[in-house]
Amino acid sequence: MNSFLKEVNDKINGVPLQRCYHCRKCTAGCPMANVMEYNPNRIIKMIQNGMKDEVMNSSTIWLCASCETCITRCPNEVDIARMMDALREMSIEQGYAPKEKNIFRLHDSFLDNIKINGRINEGLLMVEYKLRSGDLFSDMVMGMGMFLKGKIHPISPRTKDMAAVRKIFRDTK
Amino acid sequence: MKLSYYPGCSLHGTAKEYGESVTAVSAALGIELNEVKDWSCCGATAAHSTNHKLSVALPARDLIAAEKDGMDVMVPCAACFNRLKSAQHHMKHDDKLKSEIEKIIGSKYEGSIAIRNPIDIIINDIGLDELAKKVIKPLKGIRPVSYYGCLLLRPKEVCNFDNHENPVLLDKIMDTVGADVKQWSYKTDCCGGSLTISMTKVVNNMVDKLMSMAREAGANCVVVACPICMANLDMRASTSLKLPVFYFTELLALAMGVQGPETWAKLHTVDGTPLLKGLGLI
């Protein structure tokens, strides 16, 4: 059986996490560290210690905003942002329930929108997300304002070759 | 100068004033833009957060379509720019992935064209001297801070067009058109990105910090080059901290006497009209 560390390293396919010497520079610059369950450095340590369920079930992997500050500052070129992407992808593939459900629901609604239109219709995206999350009323006034300013519209130009877009989704599963 | 143009989804929607001002300013600078044929969405945060191969394949379809026209492609949206550049980077450094992607798309990717942001094009192709010659209404009284955010700059080996810790190119452009650009140290701090919808309170705090620092630096507005930065800064600041936020191309259009800035300013949540009127610029 592969260790969790090897599994994550294989998925990242770059600088291995063993290169981290825990200077915590990633965490010092992380804009989300203060709201994360475990900070980014702690996640690396937990992976090294084989704490798979704790990592996969944590809010941290979903709260990473992908700002990429960590990777630009890591003295050992450990790609922590890519690590967070890899952990999210692995958690979906292996059936872990996302701790931050609404963040996942937004990603899923976004990709659904591309599957249907090839492009994002921001109005329809918000409707789908709101129905899925049950958060129906926040930002309603803002949405109406955007509609009145012609920034969101129920009909928007689509990609014509939808067969090509659908093939991308099918073949990258 | 002729370029392909990838507007991405938001420049036809919630960021239509960015799309319109980019097009208008490009025309005034003698740049001819040709929209990439039948483009599709780059996949944005949703794709790279959940499926690496999908996050390369979606932009790859657009890059392959663009390179058929043989011109570099201008990508004004910082998020699209980052995804297209990342796809290019991954395909360049991973042959196995590249051939898998080519099989999915059904066409070869040559990597023959550059992916360019308008800031880079104005600085390196048009030049600040040329830009200065086009200014008919210097932006006297406009005191912006330049906000670059994340996706134009990071990771540095992917984006690769300005210093990733202290970028200056947008400051130079605003300075050239007569604005009194304020220095601040929050140029590249994150605004929270797409978490604005699912984690609104967290993003409120991030934006309030940015706006407090902009005010402390003496700014009367913020200049951005990203639809997500715009959405968050324009909509998520506390009432007492709000400042008008402009796409840099809106202010370039104003300085160059191009039609549109009055209409665009009204499209933001914080209406930029009172500031521009008060300074006698519109």
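Residues numbered from 1 in each chain as written. Chains lettered and ligands numbered in written order. Predicted model: local features only at pLDDT ≥ 70, side-chain atom pairs only at ≥ 80, totals over all residues.

Asks: Describe the sheet that holds strand 1 (residues 2–5) of chain B, and please don't skip the residues or the numbers.
Replies: Residues and elements named next belong to chain B. The four strands lie next to each other as 2-1-3-4, forming an open sheet whose pairing is parallel. Looking at which strands have only one partner, the edges of the open sheet turn out to be strand 2 (32–35) and strand 4 (115–116). Direction of pairing for strand 3 (residues 73–74) relative to strand 4: parallel, over a ladder of two bridges. Directly across from Met74, in strand 4, lies its bridge partner Arg116. (Pairing = 2+ DSSP bridges. Helix = DSSP H or I, 4+ residues; strand = E, 2+ residues; numbered from the N terminus.)

Asks: How would you explain the domain arrangement of chain B if you had to name every residue and give the values?
Replies: All names here are of chain B. In terms of domains, chain B is made up of domain 1 (2–116) and domain 2 (136–278). Here the C-alpha centre of domain 2 lies 24 Å away from the C-alpha centre of domain 1. Elements supplying a minimum of two residues to the side of domain 1 that touches domain 2: helix 1 (16–28) and helix 4 (78–93). Here the element with the most residues in the side of domain 1 that touches domain 2 is helix 1; it accounts for eight residues. (Domains from an automatic or database assignment.)

Asks: For the interface of chain B and chain A, give the residues involved together with the corresponding values.
Replies: One frequent convention defines the size of an interface as the accessible area lost when the parts assemble. Counting residues at the interface gives 44 residues for chain B, matched by 43 residues for chain A. Among the secondary structure elements, those contributing two or more residues to the side of chain B that touches chain A are helix 2 (44–50), helix 3 (52–67), helix 10 (195–198) and helix 11 (200–216) of chain B. At seven residues, helix 2 of chain B tops the list of elements feeding residues into the side of chain B that touches chain A. Taken together, the residues of the side of chain B that touches chain A break down into 19 nonpolar, 18 polar and seven charged. (Contact = placed C-beta atoms within 7 Å. Nonpolar A, V, L, I, M, F, W, Y, C, P; charged D, E, K, R; others polar.)

Asks: Provide a residue-level description of the pairing of strand 6 (residues 221–224) of chain B, including the pertinent values.
Replies: All names here are of chain B. Alternating residues of strand 6 divide into Cys221 and Val223 and Val222 and Val224, and every residue in both groups is buried. Pairing of strand 5 (residues 144–146) with strand 6, which is carried by three bridges, proceeds in the parallel orientation. Directly across from Val145, in strand 6, lies its bridge partner Val222. Where strand 6 and strand 7 (residues 245–247) come together, three bridges link them in parallel fashion. From the neighbouring strand, Val223 faces strand 7, where its bridge partner is Phe246. After leaving strand 6, the chain enters helix 12 (residues 227–235) and then returns to the sheet as strand 7, a path that is right-handed. (Buried ≥ 20, exposed ≤ 12 C-beta atoms within 10 Å, placed from the backbone. Right-handed = clockwise from strand over helix to strand, strands pointing away.)

Asks: Go over the sheet that holds strand 5 of chain B with me, naming the residues and quoting the values.
Replies: Residue and element names in this part refer to chain B. With parallel pairing, three strands are arranged side by side in an open sheet as 5-6-7. Looking at the sheet topology across the chains shown, the edges are occupied by strand 5 and strand 7. Across the sheet, the mean angle separating the axes of adjacent strands is 30 degrees when strand polarity is ignored. The sheet strands contacting helix 13 (residues 248–255) are strand 6 and strand 7, and the helix crosses strand 7 at an angle near 75 degrees. (Axes fitted to C-alpha atoms, helices over the stretch in contact; angles between N-to-C directions.)

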